[in-house]
Amino acid sequence: MTVFVIRRLMQSILVLFAMSAIVFFGVYVVGDPVEILVSHEADEAERARVAAALGLDRPVWVQYFAFLENALGGDLGKSFVFGIPAIQLILQRMPATFELVIVSFVIAVGLGIPLGMYAGYRPNSAGAKTIMAGSILGFSLPTFWVGLMLIMIFAVEMQILPAGGRGPVGSFLGMQSSLFSWTGLGHLFLPALNLALFKLALVIRLARAGMRETLLLDYVKYARAKGLAMRRVVFVHVLKNIMIPIVTVLGLELGSQIAFSVVTETVFAWPGMGKLIIESIDKLDRPVIVAYLLVIVVIFVLINLVVDVLYSVLDPRVRLAAKA
Amino acid sequence: MNAALRRTALGLATAGLLASGAFVTGPGAQELSMGISASVTSVDPHFHNLTPNNNIASHVFDRLVHMDEKMRPGPGLAESWKTIDDTTWEFKLRKGVKFHDGSDFTADDVVATLKRVPWVPNSPSSFRLNTQAIEKVEVVDPHTIRFKTKAPAPLLPIDLSNVRIVNRKFVEAPTADFNSGKAAAGTGPFKLVEFVPGDRVVFERNDAYWGPKPHWQKVTARILTNNAARVAALRAGQVQIIEQVPSADLASLRADANLTLHRIVGNRLIYLHLDSFRDETPFVQDKDGKPIKPNPLKDPRVRKALSLAINRAAIVDRLMEKEAIPAGGLLADGFFGVSPNLKADPFDPDQAKKLLAAAGHPNGFKLTIHGPNDRYLNDEKILQAVGQMFSRAGIDTQVATLPWSKFASDASNPKYSFSVMLVGWGSDTGEVSNPLRSLVATVGPGRGVSNRGRYSNKEVDALLDQALATVDDGKREKLLWQASELAMKDQALIPLHYQINIWATRKGITYAPRADENTLAQFVRPQ
């Protein structure tokens, strides 16, 4: 397994390298950051000064090699618009996104697995049919619209939850997060629910399909024949088996939610990473875009690694070394 | 008597509403939350010359000259100013003003500020443009300062209204020290409490402020870039005022009894720039798709025809929800230097066709017009409407919109990729020499920096040069009239409309709306 992990990490360095080149030159093609940054009244002298100050007056390949050289030393460049190191900017925004994603996963998994299992266990009951109809809504309603509806209902009409923004942060064991203050949790609930809906629907469907398939397998019949209680069969043996596709899908979802919760973060004015990347793209803030995507690559690589390791835990037939 | 009674009743009702709202909204009587529409990148007042940054910085820092809500210069940290001769300005500074850290404000702070402005490292857009006219600074006494300029600089007081004065102690403080609050001790009506990038800026009242004391003890400026989110936060009572009210929500906001709208004619013109420079322009073709030589847009008659083909009233009525004014010049009536003789062109498609025929294009031509889709109020819709209007006048028009980041770099110097483009221009100085200099003057050093059509007219240039060297306001105004009348007669660009700036507040709160689009907590007050 160690060999497997090391080999994976080596591969990811290649991915990082390719990613940096694609993004660097891609942003260059889109437009000239100087034009976006300067005051609309800026004359030639001011434009030249800005280009020089930001190192944009050099040929793009020179800029790229300068970037690579600094990157190897751990410096991913300074944001054009904020004037602070891009990586610091990203790390500042990270906790807000992480807490949002964590709560949305708790909602999705905590509700999705039981509901899905029930729908798979009693597929013809009225409850199961309601759950499945609800999950179709979860899939098909656009996140943007659902977010606005949640705000209209809970914040504008009923006025029981805030319309957006991150609440005050509390601290717990030295960690600062709005997870640790009641008002903060209030602020978290609607955006997290909004973010969770799609995943919730996904988990319900996966759990139901897995449940229906697994219940028919011989080992379930054997366990029942052996006299095990149905409760034990379902919650120990079946649950473990239906988790494999769920873990795969959630792993993929986790990465993309950390990186690109743009819609939810925008609608709820949540100061997370998704909002940062979209604003940086609008302003052609290249150092932030590049650093951001590199961070995201690292996150994806790590998540996939964890998912692979989890497979081997859930299913002893999976051998990591063989797969690599 | 009756009216007075009604007012009292209304006042009581409002007070009741407010009191009942206060429980839900949280903040107490002296706390204000504002919904700001754009991201603030720094509180260093000299780092990035960008409207949202300047807006926030104006809470903490004062200028020598303060613009009022109609962008007329008035006293700020300077009580008065006058010209000693054509190239010397003398400013008398206010006495007894203290910085937030308790130190006294004197001429040395002005000197330090002028030194810091061009120095700020990594500044993506500096305020050098506002100070470069000054050649030498002379401190006469701690409260009198003289600026020697290279050439006559009638606009110097206005330029200085964009330069925020920092404490001399912090002349070499880096931007990070301002963001953290360490160096952010200005003389302004509010003290900085906290700056959380992408989320909020928090202020508390400066009780020692020299000017009118702000009403609010604590102010939170929340960054709500999404239009729907900003409106929802206001409706939910989480913010008491929002700026940049989206047109789509105007009807429902007007109908909401809990809210009030505050409006003023803004300094922003929405217009079309036309490539009147190249002999062959990339997006004009004949009906067979072959380039036309010479470029029809070089002919003033064709430019006039395009202007007459536009139904400005329809755009204002249907797309802008009536919150705009059809434009015939570079800046709305009421600003300095706006000629009373300039009126918006009427909608006259027949005359447009006649002019096109006279210019040798009886069957029109093929045209693609470009514009941004994320920059100005309803930009994409306006461009589509204009495209249809052109088509009706016989010009086969295609519309292409792009994100601003792409559009701006393609449309501008040195690429100049487009033939006809929709752009907006807010006059930072609140007077006409500003758009004349940037949009109409021949492209050259310090001139025509946003003249994306590269229009050029020697007479207009000469009049503008003369105006910019004339210190006497009356004489300068006449020269600006002449220059803009000439440019408009020649249709240097096609003005569409002037925007109206709108704020929405909870009932019981008023705002003195500003032409410069700023949202300043010191001017938000309970009714």
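Above this text you will find the structure in question.
Please read these numbers as outputs of a predicted model, since none were measured by experiment.

**Focus: the overall build of chain B**
A count of helical and extended segments in chain B gives 16 helices and 20 strands. Scaling as 2.2 N^0.38, a compact globule of 527 residues should have a C-alpha radius of gyration of about 24 Å, and chain B matches this with 25 Å. Seen through its principal axes, chain B has C-alpha atoms that stretch 70 × 55 × 50 Å. For chain B, with 527 residues in total, the buried portion stands at 58%. In the form shown here, chain B has an accessible surface area of approximately 20200 Å², with 52% of it arising from carbon and sulfur atoms.

**Things to note about the pairing of strand β8 (residues 190–196) of chain B**
A regular strand carries its side chains on alternate faces of the sheet. Residue and element names in this part refer to chain B. In this sheet, strand β9 (residues 200–205) lies alongside β8 in antiparallel orientation, the contact comprising 6 bridges. When the sheet's bridge partners are listed, Lys 191 is paired in β9 with Glu 204. Counted between consecutive antiparallel strands, the loop separating β8 from β9 contains 3 residues, among which Gly 198 sits at a positive phi close to 80 degrees.

**Regarding the pattern of salt bridges**
A complete count under the given rule lists 34 salt bridges over all chains for this structure. Ionic pairing is found between Arg128(B) and Asp43(A), a salt bridge with its closest N-O pair at 3.7 Å. Taken together, the positions of Arg128(B) in helix α4 (residues 128–131) and Asp43(A) in the loop between α2 (33–37) and α3 (44–53) put the pair across two chains. An identical accessibility class is assigned to Arg128(B) and Asp43(A); each is buried. Taking the shortest distance from any N to any O, the salt bridge between Arg254(B) and Glu321(B) comes out at 3.8 Å. A residue pair is termed long-range when its members are at least 10 positions apart, and Arg254(B) in helix α8 (residues 247–255) and Glu321(B) in the loop between α10 (312–319) and β14 (324–326) qualify at 67 residues. A relative accessible area of 43% places Arg254(B) in the partly exposed class.

**A look at the interface of chain A and chain B**
With 50 residues of chain A at the interface, the matching set in chain B holds 49 residues. Its largest share of buried area at the contact with chain B, chain A owes to His40(A), Glu41(A) and Phe82(A), together 16% of the area lost on that side. In this structure, the connection of chain A to chain B is made through 3 salt bridges. Across the pair Glu35(A) and Arg452(B) runs a salt bridge whose closest N-O atoms are separated by 3.6 Å. Mapped onto the side of chain A that touches chain B, the elements with two or more residues apiece are α1 (2–30), α2, α3, α5 (86–121), α7 (143–157), α11 (262–267) and α12 (273–282) of chain A.

**Side note on the sheet that holds strand β7 (residues 144–149) of chain B**
The strands making up a sheet are joined through hydrogen bonds of the backbone, oriented either antiparallel or parallel. Residues and elements named next belong to chain B. Judged by pairing direction, the sheet is antiparallel, and its 4 strands sit side by side in the order β4-β5-β7-β6 without closing on themselves. This sheet does not close on itself; its edge strands, each paired only once, are β4 (78–85) and β6 (134–141). On average, adjacent strands in this sheet sit at an angle of 20 degrees to one another, irrespective of strand direction.

**As for the nonpolar core**
Core analysis: the biggest nonpolar cluster contains 167 residues, and Leu272(B), Ile310(B), Val386(B), Phe390(B), Leu436(B), Val440(B) and Leu496(B) have the highest contact counts within it. Of the residues forming this core, the biggest block, 14 residues, is contributed by helix α13 (residues 286–314) of chain A. Leave out the neighbours within four places in its chain, and Phe390(B) touches Leu272(B), Leu306(B), Ala309(B), Ile310(B), Leu367(B), Ile369(B), Ile395(B) and Thr397(B). In this structure, Ile36(B), Ile56(B), Phe203(B) and Ile509(B) belong to the second largest nonpolar core, which totals 33 residues.

**Some thoughts on the packing of helix α8 (residues 182–215) of chain A against helix α10 (residues 230–260) of chain A**
Residue and element names in this part refer to chain A. Look at α8 against α10: their axes get within 9 Å of each other, and the N-to-C directions meet at 140 degrees. The element α8 and its partner α10 pack so that their crossing is right-handed. For the pair α8 and α10, contact is made by Leu 195, Phe 198, Lys 199, Leu 202, Val 203, Leu 206, Ala 207, Gly 210, Met 211, Thr 214 and Leu 215 and by Met 230, Val 234, Val 238, Asn 241, Ile 242, Pro 245, Ile 246, Val 249, Leu 250, Glu 253 and Gln 257, respectively. For the contact of α8 with α10, the residue count by class is 16 nonpolar, 4 polar and 2 charged.

Quick notes on the rules
- Residues numbered from 1 in each chain as written.
- Chains lettered and ligands numbered in written order.
- Predicted model: local features only at pLDDT ≥ 70, side-chain atom pairs only at ≥ 80, totals over all residues.
- Heavy atoms only, no water.
- Helix = DSSP H or I, 4+ residues; strand = E, 2+ residues; numbered from the N terminus.
- Rg over C-alpha atoms; globule rule 2.2 N^0.38 Å.
- Buried < 20%, exposed > 50% of the residue type's maximum accessible area, 1.4 Å probe, protein only.
- Areas by Shrake-Rupley, 256 points an atom, 1.4 Å probe, with all protein chains shown as cover.
- Pairing = 2+ DSSP bridges.
- Salt bridge = Lys/Arg side-chain N within 4 Å of Asp/Glu carboxyl O.
- Contact = heavy atoms within 4.5 Å.
- Buried area = accessible area lost by both parts, 1.4 Å probe.
- Axes fitted to C-alpha atoms, helices over the stretch in contact; angles between N-to-C directions.
- Core = buried A, V, L, I, M, F, W, Y, C linked by side-chain atoms within 4.5 Å.
- Left-handed = near helix turned anticlockwise from the far one by under 90°.
- Nonpolar A, V, L, I, M, F, W, Y, C, P; charged D, E, K, R; others polar.

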